[in-house]
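Residue-level structure breakdown
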Amino acid sequence: MTLILGIETSCDETAAAVIEDGRTIRSNVVASQIDLHAQFGGVFPEMASRAHIEAMAPVVEQAVTNSGVAYSDLDAIAVTRGPGLVGSLLVGVNYAKGVALAAGKPLLGINHLEGHVYSLWLTEPQREIIFPVLVLIVSGGHSELLLMRDHGVYERLGGTLDDAAGEAFDKVGRMLGLPFPGGPNIQRAAQNGNAAAYNFPRAKRDTSYDFSFSGLKTAVMREVTVQPTADKRRKRGGNKAPKLRSDVSVNDVAASFQAALVESLVEKTVRAARAYEVTEILMAGGVSANSALRQALRAESELPVRYPPLNLCTDNAAMIAAAAHYRFLGGLRDDWDMDVYPNWPLSSHTYKTQE
Ligand code: KG4
Ligand code: ZN
């Protein structure tokens, strides 16, 4: 049996978890900072690092206690090294080094996106996943379409050229005066709205597997906000949030925006799944919690579509420990001078025993 403690602090959740054999959750603790950042309408990096420092030790202690194992029973300590906010990542990486040194355990730095991929291995622990699979990662910071041929072997087929899907949800949510984060609140508003009320553009109808959401965001902005004259804009200052037009139905805009974004994601994902003859489509990341996206992808794809339960869609440390499992088995370890890697792209790793 392999037991790995995972630690995640890349953005606004302080999280720790213990995972058995890469697939079974022994404990999974998440301290969310959503309430802290909601007042600013987005994640405030400096406050995020401070909050991580306060929450880190109790969250890890709780995860170890809940798992029913002792530090001495652990095989390795895994921590998110990137991508993410530099100050936030530093808190997790330094804490993980401390725990690993004190307990005499190896340290593994994990890519946050690879963590999202491995949330699917925790979703149905008994079910075998047969490669190749297509992976759609849609989160607040990333929208990536990947062909996964084996553990740790990824081919990037495409991704967003501008805003991430979750970022688009959050920005449009802000325009509509909805609380942060925009995603779940737009989904709620959309349930009472007419998705055909506005015909927003479907992004990038071309043969690539890239997405683009900034045009959609701008189209929504033009439609729903009062466009100030150049003179007024100068007086108001550049940074003020634009004013919502009084005759706009927030529910209809939410539903129409969500439909446009979902259609773009689904079209490219289904086309890639057909082209690469995968066995199934795996979807992960915060936006994979979206019920309209889940429904549309299931309806359009002839292949099985899998996504994690809601608590594993958004950031957590269980997925980090699960991703670490296969690296650990392959003999990969990181050194004590391992640094954070805020722009770490998801590249292929070969899990061969290190020389
Ligand atoms: O994966 P995640 O927790 O953090 C990142 O790694 O970025 O994703 C957070 C993002 C936010 O942009 C949030 O608005 C979005 O996921 N989100 C949703 C839903 N729940 C969370 N977007 C659409 N519909 C949802 N139900
Ligand atoms: Zn994430």
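Just so you know, these numbers come straight off a predicted model, no measurement behind them.

Paired through backbone hydrogen bonds, the strands of a sheet run either parallel or antiparallel to each other. With mixed pairing, five strands are arranged side by side in an open sheet as β8-β7-β6-β9-β10. This sheet does not close on itself; its edge strands, each paired only once, are β8 (153-159) and β10 (305-306). With six bridges joining them, strand β7 (residues 143-150) and β8 adopt antiparallel strand pairing. From the neighbouring strand, L147 faces β8, where its bridge partner is E155. Against the sheet, helix α9 (residues 250-275) contacts β6 (133-138), β7, β8 and β9 (281-284), and its axis sits at roughly 160 degrees relative to β6.

By domain assignment, the protein separates into domain 1 (3-123 + 312-329) and domain 2 (133-307). The gap between the C-alpha centroids of domain 1 and domain 2 is 27 Å. On the domain 2 side, the residues contacting the 20 residues of domain 1 number 22 residues. When domain 1 packs against domain 2, close to 1,600 Å² is buried across both sides, 77% of that on carbon and sulfur atoms. For the pair domain 1 and domain 2, the interface holds zero salt bridges. Counting the contacts that link domain 1 with domain 2 gives three residue pairs in polar contact (both at pLDDT 80 or more). For the side of domain 1 that touches domain 2, the class distribution of residues is eleven nonpolar, seven polar and two charged.

What follows concerns the site of ligand 1. By nearness alone, 20 residues border ligand 1, and G140, D170, Q187, G286 and N290 come closest of all. Contact between ligand 1 and G140: an oxygen atom at 2.8 Å from a main-chain N or O atom of the residue. Contact between ligand 1 and Q187: a nitrogen atom at 2.8 Å from a side-chain N or O atom of the residue. Relative to its unbound accessible surface of 560 Å², ligand 1 loses 89% to contact with the protein. Among the elements of the structure, α4 (112-123), α5 (165-175) and α6 (182-190) are those that each provide at least two residues to the shell around ligand 1. Of the residues assigned to the shell around ligand 1, the class counts are six nonpolar, twelve polar and two charged. When residues of the shell around ligand 1 are assigned to domains, at least three map to each of domain 1 (3-123 + 312-329) and domain 2 (133-307).

Cut-off values and rules
- Here the residue index of a chain counts from 1 through its sequence in written order.
- As a convention, the first chain written is A and the first ligand written is 1, with the rest following in written order.
- Local features in this predicted model are restricted to residues of pLDDT 70 or higher, and side-chain atom pairs are both shown and tallied only at a pLDDT of 80 or more, whereas totals for entire chains, interfaces and linings draw on every residue.
- Excluding hydrogens and water, the side-chain figures rest on all heavy atoms present in the structure.
- One requirement defines pairing of two strands: DSSP has to find at least two bridges between them.
- A run of H or I in DSSP becomes a helix once it reaches four residues, and a run of E becomes a strand once it reaches two; helices and strands are each numbered from the N terminus.
- What makes two residues a contact is simply this: any of their non-hydrogen atoms within 4.5 Å.
- An axis is simply a line fitted to the C-alpha atoms; with a helix, the fit covers only the stretch in contact. Between two such axes, the angle follows the N-to-C directions and lies from 0 to 180 degrees.
- Those domain boundaries reflect an automatic or database domain assignment.
- When two parts are brought into contact, each loses some accessible area as probed by a 1.4 Å sphere; the total of that loss over both is the buried area.
- Just to be clear on terms, a salt bridge is a Lys or Arg side-chain nitrogen sitting within 4 Å of an Asp or Glu carboxyl oxygen.
- A 3.5 Å cut-off defines polar contacts: any pair of N or O atoms within that distance qualifies, except that in protein one atom must be a possible hydrogen donor and the other a possible acceptor, and neighbouring residues in sequence count only when both atoms are side-chain atoms.
- Polar here means any residue other than Ala, Val, Leu, Ile, Met, Phe, Trp, Tyr, Cys and Pro, which are nonpolar, and Asp, Glu, Lys and Arg, which are charged; Gly is therefore polar.
- Proximity is defined per residue: if any heavy atom of the residue lies within 4 Å of a molecule or strand, that residue is considered near it.
- We get accessible surface area from the Shrake-Rupley algorithm with a probe of 1.4 Å; when it comes to residues, only the shown protein chains can shield them.

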